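What follows is the residue order along each chain.
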Amino acid sequence: MIGIEECLAEAMAIPGALCAMLVDHASGTAIAGQGAADLEGSAAGLRECYRATQGGLAMSSPDGTVRIEDVIVTTDHGYQLILPMETPFDGPLLMCLRLDRGRANLALARLRLRSISHQLIAP
Amino acid sequence: MADASLEATLTTLAADGATGALRAGRAGTVFLDRGRVCYVECAGTPGVEELLAASGRISAGGVKSTRQGATGDGGDTLVRRGVLTRGELQFCVLGATLDASFFLFGGSGAPKLRFRDGDRHWLGPHWFFDVSGLFRECRRRSARLDRAWASAELDNHPITPRRHVRARHVVLSALQWEIVLASDGVTPPAELARRIGRSAYSTLLAVRELAAAELLEPPEPAKPSEAPKPNEPPKPNEAGKPNEPPKSNEVPKPNDPPKPADPAQPAVPAAPREPAEPPGSGDSGPAVLPRRTNRPGNGGLVMSAGVPATSGDPTDVNLLIRLRDALEALQ
């Protein structure tokens, strides 16, 4: 089991990782981050991104309830991964990882991020 | 030291690399570890003990016995026993700290500050904040609240979800769902937060978002700028003297007419609770506002302007007055 800083360090060790951060979804607080130029601004933006995805899917899903396992946004420069983690406290906690499109392996990054999150918060 | 503000005192202590506990009267305590804030508790927000018990991982009794047996490293004991992961413990501590800071630092008045060198919290240090970063985050949080719904009128008002929603469907977050389920038309947000084991800030934010989505009943004498229905005839008595809300014995009056005029709010027991109102609006503060009595007059102005005579637990009212003062100070 690891703490928040170790968790971010491991996320940054994923091939192609440019920026990793933890965001508290309920309050929008940027808890910690590595590689971000503007931690607070990025955290606020990614929180809104997740929130919009959640709301949009709830409206458009034919089966009613959906649970988001992760959000992948592909941009012209890279990928943005947002992984929500349920916690026993306020939450969810969002683990956000920005990846370089040329160097990253999206499938690998997704699996690694999930495994790191399980070390941070007991699944 | 009693004359200095909390922020100035903390900044000095941080520069000195102090370790210990700074008590801010009875409102709360800030724990420092080598110049960094490692925990904050506030009388109005759920602390780690309550959050731990509410998480279901450990009973309230388990928390108590760990606390009693702890020698400054209670958190490590919990992690070793497998109650929490290291990350969960950090998240619990930092969440409680941010929540308490927001309400403690936003408090009005000048609580008596007393620093006890070397005092530690039983959990031990598990997450650290720079003093400046902590205050910056508190300011971000108030701005966030105002962006969600720029009115504090529901902040210390009992939460009453609307029975009928105009939209075809609504999307609620998990927290909003819990709030709607737990709301009883009597409990204000801060008290509800404690009951459902959530942070006071995120509960308040969720309530403001619910209000923005028009899912909550507005308080009885709604502000003209925000009331969608101007046909409510709430203040016939007060029309000629709109600038006199602070007089405590006049507060109940304007509140009576709207009740028959607005049958949609049967659950709000405004009348029986009116006796709890004067502390905010009169000079009788000390009796009912145990924690912060320095500025009863000012608090009264704020209270009476935005919130009618319906009020909850005086503790929560006091807390929210301070929050509101802080929000106004930022404008």
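Structure's up top.
This is a predicted model, so every value here is computed, not measured.

1. Let's talk about the overall build of chain B
Alright, step 1. Helix and strand content of chain B: 16 helices and four strands.
Alright, step 2. When the accessible surface of chain B is split by element, carbon and sulfur atoms take 52% of a total near 14400 Å².

2. Considering the layout of surface pockets
Alright, step 1. Empty space within the largest pocket amounts to approximately 1300 Å³.
Alright, step 2. Going through the elements one at a time, helix H2 (39–60), strand E4 (78–85) and helix H3 (106–120) of chain A together with helix H7 (174–182) and helix H9 (200–212) of chain B are the ones with two or more residues in the lining of the largest pocket.
Alright, step 3. Classifying every residue of the lining of the largest pocket gives 25 nonpolar, 13 polar and ten charged.

3. Points about the packing of aromatic side chains
Think of a pair of aromatic rings as described by two things: how far the centres are apart, and how the planes are tilted against each other in angle.
Residues and elements named next belong to chain B.
Alright, step 1. By the definition in use, this model includes four aromatic pairs over all chains.
Alright, step 2. Ring centres of Phe102 and Tyr201 lie 4.9 Å apart, and the angle between their planes is 70 degrees; this geometry places the pair in the edge-to-face category. With a gap of 99 residues between them, Phe102 in helix H5 (residues 86–105) and Tyr201 in helix H9 connect regions that are remote in the sequence.
Alright, step 3. A relative accessible area of 4% places Phe102 in the buried class.
Alright, step 4. Taking the relative accessible area as the measure of exposure, Tyr201 reaches 0% and is therefore buried.
Alright, step 5. On the numbers, 4.2 Å between centres and 10 degrees between planes, the contact of Phe105 with Phe135 is stacked. On the criterion of sequence distance, the pair formed by Phe105 in helix H5 and Phe135 in helix H6 (residues 131–148) is long-range, its members being 30 residues apart.
Alright, step 6. Its relative accessible area of 7% is what places Phe135 among the buried residues.
Alright, step 7. Within the aromatic cluster, the residues linked to one another by ring pairs are Phe102, Phe103 and Tyr201.

4. A short note on empty space enclosed by the protein
Alright, step 1. Under the defined criterion, the tally for this structure stands at five cavities of 30 Å³ or more.
Alright, step 2. The calculated volume of the largest cavity comes to roughly 140 Å³.
Alright, step 3. Along the walls of the largest cavity sit 15 residues, with Asp24 and Asp90 of chain A together with Gly95, Ala96 and Ser199 of chain B positioned nearest its centre.
Alright, step 4. A total of six residues in the lining of the largest cavity trace back to one element, the largest contributor, which is H5 of chain B.
Alright, step 5. Looking at the lining of the largest cavity residue by residue, the classes come out as seven nonpolar, five polar and three charged.

5. Things to note about the packing of H6 of chain B against H9 of chain B
All names here are of chain B.
Alright, step 1. Contact pair H6 / H9: the axes reach a minimum separation of 8 Å and the direction vectors enclose 20 degrees. Taken as axis vectors, H6 and H9 run roughly parallel relative to one another. Viewed along their axes, H6 and H9 form a crossing whose handedness is left-handed. Between H6 and H9, the contacting residues are Arg141, Arg144, Leu145, Asp146 and Ala148 on the first element and Tyr201, Leu204, Leu205, Arg208, Glu209 and Ala212 on the second.
Alright, step 2. Of the residues belonging to the contact of H6 with H9, the class tally is six nonpolar, no polar and five charged.

Cut-offs and rules
- Residues numbered from 1 in each chain as written.
- Chains lettered and ligands numbered in written order.
- Predicted model: local features only at pLDDT ≥ 70, side-chain atom pairs only at ≥ 80, totals over all residues.
- Heavy atoms only, no water.
- Helix = DSSP H or I, 4+ residues; strand = E, 2+ residues; numbered from the N terminus.
- Areas by Shrake-Rupley, 256 points an atom, 1.4 Å probe, with all protein chains shown as cover.
- 1 Å grid on protein atoms, 1.4 Å probe; cavity = no way out; pocket = protein on both sides within 12 Å on 5 of 7 lines; lining within 4 Å.
- Points joined across faces, edges and corners; volume = space filled by probe spheres on them.
- Nonpolar A, V, L, I, M, F, W, Y, C, P; charged D, E, K, R; others polar.
- Phe/Tyr/Trp six-rings, centres within 6.5 Å; stacked < 30°, edge-to-face > 60°.
- Buried < 20%, exposed > 50% of the residue type's maximum accessible area, 1.4 Å probe, protein only.
- Axes fitted to C-alpha atoms, helices over the stretch in contact; angles between N-to-C directions.
- Parallel < 35°, antiparallel > 145°, perpendicular 65-115°, else oblique.
- Left-handed = near helix turned anticlockwise from the far one by under 90°.
- Contact = heavy atoms within 4.5 Å.

Just geometry here; none of it tells us what the structure is for.
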